[in-house]
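So the chains spell out like this:
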Amino acid sequence: MSNVRERNESAWLLPPDGKRVNHQLRQDMRRFEDNDEVDLLVVGCGAGGSTMLQRLARAGWKVLALDAGPFWDPDTDWVSDEAGSHHLYWTEPRVISGSDPVPLGSNNSGRGVGGSMVHYAGYTPRFHPSDFRTRTTDGVGADWPIDYSDVQPYYEAIEEELPVAGEKWPWGDPHSYPYRPHPVSGNGDIFLRGAERLGLVAKVGPVAIVNGRFGNRAHCIYRGFCLQGCKVNAKASPLITHIPDALAHGAEVRSNCMVTRIEVDERTGRATGVHYVHEGVSRFQRANVVVVAGYSIETPRLLLNSADARFPEGLCNDFDQVGRYLMVQGAPQTAGRFDEEVRMYKAPPPEVSTEAFYETDPTKPYKRGFSIQTVSPLPITWAEHVTAQGYWGADLRAYMSDYVHWSCLGALCEFLPQPDNRVTLADEKDRHGLPVAHFSYSQCDNDGALMRAAQEVMEDILRAAGADEVITIDRFAHLVGGARMAVDEQHGVVDSNCRTFAVPNLYITDGSVLPTQGSANPALTIMAVAARAADRLVAASRRGKEQP
Amino acid sequence: MRLPRRGAEPGAPPAGQPWSGRFPGFDVLDQSSHWDPATTGVVLARVGMAPDIRFFTPDEEAVATALCDQLLAQDDATEPQARVAVVNMIDARLAERQTDGWRYDDMPDDGQAWRESLAWLDADANEQFGCDFAACSRAQQGSLIHSVQNRGSDTWHGLCAERVWSLWTRYACTAFYSHPFAWNEMGFSGPAYPRGYKNAGIDRLEPFEVRDARPGDDPLRRRA
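Our subject in this report is the structure included herewith. (Residues numbered from 1 in each chain as written. Chains lettered and ligands numbered in written order. Predicted model: local features only at pLDDT ≥ 70, side-chain atom pairs only at ≥ 80, totals over all residues. Heavy atoms only, no water.)

### Regarding the overall build of chain A
Then, in step 1: When helices and strands are tallied, chain A shows 15 helices and 18 strands.
Then, in step 2: Viewed in the frame of its principal axes, chain A has a C-alpha envelope of about 70 × 50 × 45 Å.
Then, in step 3: Counting over 548 residues, chain A shows a buried share of 68%.
Then, in step 4: For chain A, restricting intrachain contacts to residue pairs at least 6 apart in sequence, the fraction spanning at least 24 positions comes to 75%.
Then, in step 5: With the model as given, the accessible surface of chain A reaches about 17,200 Å², and the carbon-plus-sulfur share is 45%. (Helix = DSSP H or I, 4+ residues; strand = E, 2+ residues; numbered from the N terminus. Buried < 20%, exposed > 50% of the residue type's maximum accessible area, 1.4 Å probe, protein only. Contact = heavy atoms within 4.5 Å. Areas by Shrake-Rupley, 256 points an atom, 1.4 Å probe, with all protein chains shown as cover.)

What follows is the structure in C-alpha cells.
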C-alpha cells in the first residue's frame, strides 16, 4: 500500500491551528456552471458519494457533487449536546409501516456533507468473506456478484485513510489495523470483564477515530459525543477524510441542493444530468456520468421520482427491483446495573466488540448471527431505554437518577433481505411537491430468533460482569439495500461495478447496492465498494468504454 | 460567567424524592465556562426564559401541562424553581415542525397526533370524572394516563395506543433530559468540548464530578 498521504491528503489539508475547517480551500473551490457538462456528477456527499468524488477528482475528471444539506463547519454548526444536534439528521417527512416499522431520522439518516458518518458511532468493521455468499453457504440471503477478495484491497486502503484503530482482528479474514486500540472507559471495561469471565473473546475496536495524530487531525479527547458530530475532527467522516482532497483536486461540492429528478435522454437512453432545487430555484446540471449516492431511502425515492415515458414505473425499475431488499439490522440494546460508577458517557460509545457470534452456528435453530458492541447512550437516549420498560413519572425520574451506574451493550443482528421490505412512493408530498418515501418493514422468523439470542448473550455478559439488573430495548440500526447489486437486471438494479443495468452512464455507489449486510456496521464497506467502483470506472474509461 | 447556585435556587431537585440529593453540590452549569461557544448558546438558552406557546391552543396547553407533569413527576407546587418548561419546549418543536423524520402510516403527523390525543384525554376525563383533564386530581389523571399505556397495541379513540404513548414519552423526555436541571439529578457532566475527559474508567471521576451519595440505592432494591 502506498503512503496514504500520497493517495489522499485530506488530513493534511485541514488547518493545523485548532480550527476544524480549511475555509481557504472551500473559498478557492472550483465552480462549474449548470451548462458545463461535468465528467461526473455525484448526488449525495456521504460515505459512498464522497469516496467516489475524491477518487475521480484524483483521476483528473471534472467532478461535481450536489448535497441536499449544508456544508458543515464543526466549529459553529455542531454542539456537544443531544437535543441540539437534531439538524444532523434527515428529518424531511417519511412514512413507515409493516409489522415492524423502522423509525428513521436520528438513528440512521444523515444530512449534509459527510452524510450519516457525521453522526455514526465510528465502528468500522469489515464484512466477513461469508457475507458475500450467504445464499450458497447458508441457504439464506443472497450471493453478491463479487467476492470478499474483490473488496479486500479497498478495505485496506480505506482503513488507512480514515484511519482505523483497533486490536489485531481475529474474525472473518483476520487482519490488523493501522492504529493501536484506544484505551477503554468504564463501559468497555465492563464488557471486557464480563466476556473474560464467560471465556468469550472480545476486542477493542475497530473504530475510525484518530489515536495519536493523523495529518492535522487531533487525537480523540474522549468527550462521548460521537453521535452528535465530532467537533474534534478525530472521528472520521467524509467531510474530513475525502472531501478536502477532492476539493484540492478540482472537485466542486454544491451544498443545499436537493436533487429532484434524473434526466434520461429518450433517444440515447443515457442520463444527461439532474434537476435540482437550490434556494427555491429549480435548476438543471448537465453531466456525462451521474452517480446516485443518497442512501437506501433517498436513492430509491429519487429513481422512482424520475419515472418517464421510457421508465413509467421509475428509473431502472423495469423488473420491479428498485426499493426492494432494503435491510436494517436488529439492534437490541441491553443495559446492566452496577454499584460501581460506570459513567458510560465518558469516552466514545464505540469501544469494544465481539464477532464470535457472527457466522451461522449449526447447533442453533437460526441462520447467520450477530455482533455485540459497546454503546453508551446519553441522557435523552437513555430515557428511551427506561421508558421502554414502562416506567414514567416518579419511577422514570428515579431510574434516570441512577444513570452513572449503568453499562450498555448493543447487538447488530443480521436481518435477511426480503423483497417486500422496500421503499415506495407515498401519497404525501414534501415541500418541493415530490412524493415522500414510504418504507415498509417486517421481520421474518430468523430475524426475531437472532434478536432473542443476542439479548441472551448480552444479558449473560453483563451478569457475568456483576450486574444485578438488566434491561433491554428492541431497536434497529443502519440501512442497506434498496437498489442492490446482482448478476442481472431481474435480480437487482446495478451490476458488480455499481453501474445500473438500465442506463449505461448511471451509477449507484451508496449502501443501497449491498445485497447482504452481515452484522457489521456498514460505513467501511460502503466506502470500500464505492472506491472499487471508482477504480473500475476509471479503468473502463481508459479502455474507452466510458468517456470522462 | 457566574450562574445561579443550587440549593433552594434554580436547578435544585426537590428534597425527599428518590432522585434528589444523590450528587450533593453537583451543578453542571458550574462548568459552562469550559464549553465551546456554539454549545454554550444552545444549552444556556434552555435555562433562560421558555419560548411562548405558539402551537397549542389554551385548552391543549392545559392538558399537555398536566400530562407532562405526570409523565415527568414535575409538580408546580413543590419545585417551582426547578421545573423544566417541558410543554413550551414541545410546543416550540411542533410549531417549527421539528419532527423526528418519520411517522407511522396509521398515525397523523406529530403535531396533529398531539392535538388529537390531548383532546381525547380531555374527553376521557369528562366522561369518567365529569371534569376537564387539568382539573382532575393527580390520581385521576394518573389512572387516565395508565389506561392509555395499558392498551398496548390496541386502539384508543382510533389511534394506536402504544404509538400515542411513544409520541408523548419521546417528546417529553427529549425536552426534559435536554435540561441542565435534569442532568444535575443524574450526575451527568453535560457538554465536554473542548475539555474532554481525562479519567474514564470504572469508579473514576473528573475533579468536577461528584460521586453518587447513595450508590446502593438502585430502583430494583428500592422496590424489594
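On we go.
### Things to note about the packing of helix 2 (residues 58-71) of chain B against helix 5 (residues 138-150) of chain B
All names here are of chain B.
Then, in step 1: Between helix 2 and helix 5, the least distance of the axes is 10 Å, while the angle of their chain directions is 85°. In terms of orientation, helix 2 lies roughly perpendicular with respect to helix 5. Contacts between helix 2 and helix 5 involve Ala66, Leu67, Asp69, Gln70 and Leu71 from the first element and Arg138, Gln141, Gly142 and Ile145 from the second.
Then, in step 2: Classifying every residue of the contact of helix 2 with helix 5 by side-chain character gives 4 nonpolar, 3 polar and 2 charged. (Axes fitted to C-alpha atoms, helices over the stretch in contact; angles between N-to-C directions. Parallel < 35°, antiparallel > 145°, perpendicular 65-115°, else oblique. Nonpolar A, V, L, I, M, F, W, Y, C, P; charged D, E, K, R; others polar.)

### Comments concerning unusual backbone geometry
Residue and element names in this part refer to chain A.
Then, in step 1: Gly205 connects to Pro206 through a cis peptide bond whose omega is -15°.
Then, in step 2: By the element assignment, Pro206 lies in the loop between strand 4 (203-204) and helix 9 (238-241).
Then, in step 3: Unusually for a residue other than glycine, Asn233 sits at a positive phi of about 70°.
Then, in step 4: Mapped onto the fold, Asn233 is located in the loop between strand 4 and helix 9.
Then, in step 5: Backbone geometry places Cys316, a non-glycine residue, at a positive phi of 65°.
Then, in step 6: Relative to the helices and strands, Cys316 is located in the loop between helix 11 (295-305) and strand 9 (327-330).

### A few points about the packing of aromatic side chains
Then, in step 1: A complete count under the given rule lists 32 aromatic pairs over all chains for this structure.
Then, in step 2: For the pair Phe132 of chain A and Tyr148 of chain A, a centre-to-centre distance of 6.1 Å together with 75° between the ring planes defines the contact as edge-to-face. With Phe132 of chain A in the loop between strand 3 (95-97) and helix 6 (134-138) and Tyr148 of chain A in helix 7 (residues 148-161), this residue pair connects regions lying 16 residues apart in the sequence. Neither Phe132 of chain A nor Tyr148 of chain A differs from the other in exposure class; each is buried.
Then, in step 3: Ring geometry for Trp382 of chain A versus Tyr403 of chain A: centroids 6.3 Å apart, planes at 45°, classification tilted. You can see Trp382 of chain A sitting in helix 12 (residues 379-388) and its partner Tyr403 of chain A sitting in the loop between helix 13 (394-400) and strand 13 (406-413), a full 21 residues away along the chain. Here Trp382 of chain A matches Tyr403 of chain A in class, with each residue buried.
Then, in step 4: The structure contains a cluster of three or more aromatic residues connected by ring pairs, namely Tyr345, Trp382, Tyr391, Tyr399, Tyr403 and Trp406 of chain A together with Trp183, Phe188 and Tyr197 of chain B.
Then, in step 5: In this structure, Arg310 of chain A is placed above the aromatic ring of Phe311 of chain A, and the distance from its NZ or CZ to the ring centre is 3.9 Å. (Phe/Tyr/Trp six-rings, centres within 6.5 Å; stacked < 30°, edge-to-face > 60°. Lys NZ or Arg CZ within 6 Å of the ring centre and 35° of its normal.)

### Structural notes on helix 4 (residues 110-129) of chain B
Residues and elements named next belong to chain B.
Then, in step 1: Over its 20 residues, helix 4 extends 28 Å from the first C-alpha to the last, a length consistent with the 28 Å expected when each residue adds 1.5 Å.
Then, in step 2: Within the sequence span of helix 4, burial applies to Asp110, Gly111, Ala113, Trp114, Ser117, Leu118, Leu121, Asp122, Asp124 and Ala125. The buried residues of helix 4 occupy an angular sector of 165° when projected down its axis, which confines them to one face.
Then, in step 3: At the N-terminal end of helix 4, a side-chain oxygen is found 3.1 Å from the backbone nitrogen of Gly111, two or three residues along, and the residue is Asp109.
Then, in step 4: Immediately beyond the C-terminal end of helix 4, within one or two residues, lies Gly130, with a positive phi of roughly 70°. (Expected span 1.5 Å × (residues − 1). Arc of directions from axis to C-beta. Polar contact = N/O pair within 3.5 Å; in protein donor to acceptor, adjacent residues only side chain to side chain.)

### Notes on the layout of surface pockets
Residues and elements named next belong to chain A.
Then, in step 1: What the second largest pocket holds in volume is close to 520 Å³.
Then, in step 2: The wall of the second largest pocket is formed by 21 residues, among which Ala68, Glu92, Arg111, Arg431 and His432 lie closest to the centre.
Then, in step 3: Among the elements of the structure, strand 6 (257-264) and strand 7 (271-278) are those that each provide at least two residues to the lining of the second largest pocket.
Then, in step 4: Here the residues of the lining of the second largest pocket are counted per class, giving 7 nonpolar, 8 polar and 6 charged. (1 Å grid on protein atoms, 1.4 Å probe; cavity = no way out; pocket = protein on both sides within 12 Å on 5 of 7 lines; lining within 4 Å. Points joined across faces, edges and corners; volume = space filled by probe spheres on them.)

### Here's the deal with the interface of chain A and chain B
Then, in step 1: Counting residues at the interface gives 66 residues for chain A and 73 residues for chain B.
Then, in step 2: For the pair chain A and chain B, the summed buried surface comes to about 5,400 Å²; carbon and sulfur atoms form 58% of the total.
Then, in step 3: The interface formed by chain A and chain B contains 8 salt bridges.
Then, in step 4: Note that Glu209 of chain B and Lys346 of chain A form a salt bridge whose closest N and O atoms lie 2.7 Å from each other.
Then, in step 5: For the interface between chain A and chain B, the tally reads 32 residue pairs in polar contact (both at pLDDT 80 or more).
Then, in step 6: At the level of elements, helix 5 (74-77), strand 3, helix 8 (186-198), helix 12 and helix 13 of chain A are the ones that each hand at least two residues to the side of chain A that touches chain B.
Then, in step 7: The element contributing the most residues to the side of chain A that touches chain B is helix 13 of chain A, with 6 residues. (Buried area = accessible area lost by both parts, 1.4 Å probe. Salt bridge = Lys/Arg side-chain N within 4 Å of Asp/Glu carboxyl O.)

### Some remarks on empty space enclosed by the protein
Residue and element names in this part refer to chain A.
Then, in step 1: Scanning all chains against the criterion turns up 12 cavities of 30 Å³ or more.
Then, in step 2: In this model, the largest cavity occupies a volume close to 100 Å³.
Then, in step 3: Lining the largest cavity are 13 residues, with Leu14, Asn22, Arg26, Leu239 and Pro244 sitting closest to its centre.
Then, in step 4: At the level of secondary structure, the elements contributing two or more residues to the lining of the largest cavity comprise helix 3 (23-27), helix 9 and helix 10 (243-248).
Then, in step 5: At 3 residues, helix 10 tops the list of elements feeding residues into the lining of the largest cavity.

### Description of the sheet that holds strand 15 (residues 435-440) of chain A
Then, in step 1: Ordered by their spatial adjacency, 4 strands build an open sheet running 14(A)-15(A)-3(A)-1(B), and the pairing between neighbours is mixed. Of all strands in the sheet, those with a lone pairing partner are strand 14 (422-429) of chain A together with strand 1 (103-104) of chain B, marking the two edges.
Then, in step 2: In this structure, strand 3 of chain A lies alongside strand 1 of chain B, joined through 2 bridges in parallel fashion. Bridge pairing links Val95 of chain A to Arg103 of chain B in strand 1 of chain B.
Then, in step 3: Sheet contacts for helix 11 of chain A: strand 14 and strand 15 of chain A; angle to strand 14 of chain A, the most-contacted strand, approximately 65°. (Pairing = 2+ DSSP bridges.)

### Observations concerning the state of the cysteines
All names here are of chain A.
Then, in step 1: A complete count under the given rule lists 0 disulfides over all chains for this structure.
Then, in step 2: With no disulfide of its own, Cys316 lies closest to Cys498 among cysteine sulfurs, the gap being 13 Å.
Then, in step 3: Residue class for Cys316 comes out buried when judged on its relative accessible area of 7%.
Then, in step 4: Not part of a disulfide, Cys408 finds its nearest cysteine sulfur in Cys413, a span of 14 Å. (Disulfide = S-S within 2.5 Å.)

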